[in-house]
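Below are the chains, spelled out letter by letter.
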Amino acid sequence: MADFLPLTGYVPDRAGTDAFLSSLPRPTLSQAGPDLVLDEKKDVFLGSYLLACDPAWKRGAQKIGSCVGWGWSLSVDILAACDVHLRHEAESYGGRVLEASVYGFSRVEVRGGRNTGGDGSYGGAAAKAVTKFGTLHYGQNYNGTTFTDNSGTREKEWGRDGVPDVLEPFAAKHKVSSVALVKDFESAARAIQNGYPVAVCSMRGFSMTLRDGYLSPTGQWSHCMMFAAIRWKPRPALLCVNSWADCYSGTYDLKLPPQFQRCAGWVEANVCTTMLAGEDSFALSGYAGFPPRTLTDWTGVTL
Amino acid sequence: MHGAAVLLLVAAAVFARVPTLPISTSQITVETPSVEWQGKVAGVALALANANAVERAIWASVWTKAADVVIAPEGTETIFSDTRSLRGFTVLSLDIAWRRLGGKTPGEYPGLREAVEKILGDSIGMEIQVVTPEMRRVYADACRAIAWAGIGRG
């Protein structure tokens, strides 16, 4: 098994999430997407769209208790990739979301002041962060500042003091337009089948040993991860992507691309429902991505 | 830089025989494209209407071999990752075969650049995106049709 730090960082705030939900005109998926159809034979893996945008993608590992930033950032990345390759929206993929931006916004700007408490955040705060404040990205030039590597120090600082004010206008250009509360397996499956990833916050823990790609529930993790795929056989399950790099051992699902085989595992439907029953997990839709990037020409100055 | 160097080597290897000119058009085997493609490349045939046999041979050769290179399976290292690498290969191939070895100057055949740009722009698009197997197939079809048009058909 690869070295990893089993850091978590989900700190539930029922009142905070309820306050956010009360601000939504259609807070649940059934209300926000009543026409979304569930096909109980259709397997969908949204990670393929992410890999189409970023073939070199590899899951990293959180360095502090910033799992909410990680789970939500990957959800946004996959949403952006689905916008490009599934929905064929006229935009381009702008790189990975900077986890520190979601984490910092969720802890400070969303709450309205510095946060000197310990690490951690919650789903409702991240939902408000990405919809109201937006996201920053690796590799983008922000008036001379470019983020290239994940930094636990940066996450710690931004989680305490917030995202620097000079960066907020850049983040505001790339918001998630809507989120909807997902409360059970069927709703999550419906969202994923339609190209909407689900960020999941729960107290459910798992064994670190995969069995034919499936995760076995055991213990307790106060953790945020994300659901990126749905499969129906051999047992209905959602693919839960962690933020501990290639952390799992055991027997992997070799049908998954290698980048997902050891950083994620299938969670059976009934366990998914218990995870989602905490009512702090959301499906994401509608990302304000980057303008299409185009070639200047095909032949240069040759003809 | 590494990718560009690989492309340069590939292109150099592909066109290594060009200095043995003159060659006749009878040495170049060009597939006849579909009727649809024949229509799309009419502008190339028109632009090259006054080209001589050697120029037509170079033209057909570079585009035919460009198609062969792109449609060939990738090796352990992906060369044509996104459309920028495909464009880079196209420019490099033309620059080596048409301009440097063939001695042709840009603009020598009015309308040629515009005709080729339209064909590739319409068939592949201008968006920077991942090169898919389908895109490689379309690129190869376009190249072969362009070669066919230049050799005096169309």
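Structure first, text after, so check above.
Computed from a predicted structure; not experimentally measured.

A.B. asks: Any details on the overall build of chain B? Residues and values, ideally.
C.D. replies: In terms of regular secondary structure, chain B is built from 7 helices and 0 strands. Beginning at the N terminus, the succession of helices and strands in chain B can be written as α-α-α-α-α-α-α. Split into buried and exposed, the 154 residues of chain B put 40% on the buried side. Considering only residue pairs separated by 6 or more positions, chain B has 90% of its internal contacts joining residues 24 or more positions apart.

A.B. asks: Go over the overall build of chain A with me, naming the residues and quoting the values.
C.D. replies: Scanning chain A from terminus to terminus reveals 11 helices and 11 strands. In summary, chain A has a C-alpha radius of gyration of 18 Å against a globular reference of 19 Å for 303 residues, a match within 12%. C-alpha extents for chain A along the principal axes are approximately 55 × 55 × 45 Å. Sequence separation of 24 or more characterises 82% of the internal contacts of chain A that already satisfy a separation of 6 or more.

A.B. asks: I'd like a description of the interface of chain B and chain A, backed by residues and values.
C.D. replies: Across the contact, 21 residues belong to chain B and 14 residues belong to chain A. Elements with a minimum of two residues in the side of chain B that touches chain A: α5 (83-101) and α6 (112-123) of chain B. Take the side of chain B that touches chain A: its biggest share by element is 9 residues, from α5 of chain B. In terms of residue class, the side of chain B that touches chain A is made up of 10 nonpolar, 4 polar and 7 charged.

A.B. asks: An account of the nonpolar core is requested, with residue identities and associated values reported.
C.D. replies: Ala 188, Val 198, Val 200 and Leu 238 of chain A are the most contacted members of the largest nonpolar core, which has 89 residues in total. Of the residues forming this core, the biggest block, 12 residues, is contributed by helix α4 (residues 67-85) of chain A. Those residues in contact with Val 198 of chain A that sit more than four places away from it in its chain are Val 182, Ala 188, Ala 191, Ile 192, Met 226, Phe 227, Ser 281, Phe 282 and Ala 283 of chain A. Among the nonpolar cores identified, the runner-up in size contains 43 residues, and Leu 86, Ala 97, Cys 143 and Ile 151 of chain B belong to it.

A.B. asks: Go over α6 of chain B with me, naming the residues and quoting the values.
C.D. replies: Residue and element names in this part refer to chain B. In a regular helix each residue adds 1.5 Å, so 12 residues correspond to 16 Å; α6 covers 17 Å between its end C-alpha atoms and thus fits that length. Among the structural elements, α2 (35-40), α3 (42-47) and α7 (133-150) are those in contact with the buried residues of α6. After α6 finishes, the residue Gly 125 shows a positive phi value of roughly 95°.

A.B. asks: Could you give an account of the environment of Ser 106 of chain A, naming the residues involved and the relevant values?
C.D. replies: Residues and elements named next belong to chain A. If you trace the backbone, Ser 106 turns up in helix α5 (residues 99-109). Ser 106 sits 38 residues away from Val 68 along the chain, and the two C-alpha atoms are 8.6 Å apart. Not counting residues up to four positions away in its chain, the partners in contact with Ser 106 are Val 68, Ser 121, Ala 125, Ala 126 and Ala 129.

A.B. asks: Kindly report on the pairing of strand β11 (residues 282-287) of chain A, identifying the contributing residues and their values.
C.D. replies: Residue and element names in this part refer to chain A. Buried residues dominate β11, accounting for 5 of its 6 residues. As paired elements, strand β4 (residues 176-181) and β11 share 5 bridges and run antiparallel to each other. Bridge pairing in β11 places Ala 180 opposite Ala 283.

A.B. asks: Could you give an account of unusual backbone geometry, naming the residues involved and the relevant values?
C.D. replies: Residue and element names in this part refer to chain A. The omega torsion across Lys 233 and Pro 234 is 5°, close enough to zero to call that bond cis. Relative to the assigned elements, Pro 234 resides in the loop between β7 (217-231) and β8 (237-241). Not every positive phi belongs to a glycine, and Asn 143 is a case in point at roughly 50°. Of note, Asn 143 is situated in the loop between β2 (141-142) and β3 (145-146). With 9 C-beta atoms counted inside 10 Å, the residue Asn 143 sits in the exposed group.

A.B. asks: Outline the packing of α5 of chain A against helix α6 (residues 123-133) of chain A, supporting the account with residue identities and numerical values.
C.D. replies: Residue and element names in this part refer to chain A. At their nearest, the axes of α5 and α6 sit 8 Å apart, and the two run at 105° to each other. Taken together, the axes of α5 and α6 lie roughly perpendicular to each other. Every residue of α6 that contacts α5 at Val 102, Phe 105, Ser 106, Arg 107 and Glu 109 is listed here: Ala 125, Ala 126, Ala 129, Val 130 and Phe 133.

A.B. asks: So what about the packing of α4 of chain A against α5 of chain A? Which residues, and what values?
C.D. replies: Residues and elements named next belong to chain A. Look at α4 against α5: their axes get within 8 Å of each other, and the N-to-C directions meet at 120°. Relative to α5, the element α4 is oriented oblique. Two packed elements cross with a definite hand, and for α4 against α5 that hand is right-handed. Contacts from Val 68, Gly 69, Trp 70, Trp 72 and Ser 73 in α4 reach Glu 99, Ala 100, Val 102, Tyr 103 and Ser 106 in α5. Partitioned by chemical class, the residues of the contact of α4 with α5 number 6 nonpolar, 3 polar and 1 charged.

A.B. asks: Kindly report on the environment of Ser 48 of chain A, identifying the contributing residues and their values.
C.D. replies: Residue and element names in this part refer to chain A. Within the element layout of this structure, Ser 48 appears in helix α3 (residues 47-53). Judged by C-beta crowding, with 18 C-beta atoms within 10 Å, Ser 48 ranks as partly exposed. Separated by 33 residues in sequence, Ser 48 and Ala 81 place their C-alpha atoms 8.9 Å apart.

Quick notes on the rules
Residues numbered from 1 in each chain as written. Chains lettered and ligands numbered in written order. Predicted model: local features only at pLDDT ≥ 70, side-chain atom pairs only at ≥ 80, totals over all residues. Helix = DSSP H or I, 4+ residues; strand = E, 2+ residues; numbered from the N terminus. Buried ≥ 20, exposed ≤ 12 C-beta atoms within 10 Å, placed from the backbone. Contact = placed C-beta atoms within 7 Å. Rg over C-alpha atoms; globule rule 2.2 N^0.38 Å. Nonpolar A, V, L, I, M, F, W, Y, C, P; charged D, E, K, R; others polar. Core = buried A, V, L, I, M, F, W, Y, C linked by C-beta atoms within 7 Å. Expected span 1.5 Å × (residues − 1). Pairing = 2+ DSSP bridges. Axes fitted to C-alpha atoms, helices over the stretch in contact; angles between N-to-C directions. Parallel < 35°, antiparallel > 145°, perpendicular 65-115°, else oblique. Left-handed = near helix turned anticlockwise from the far one by under 90°.

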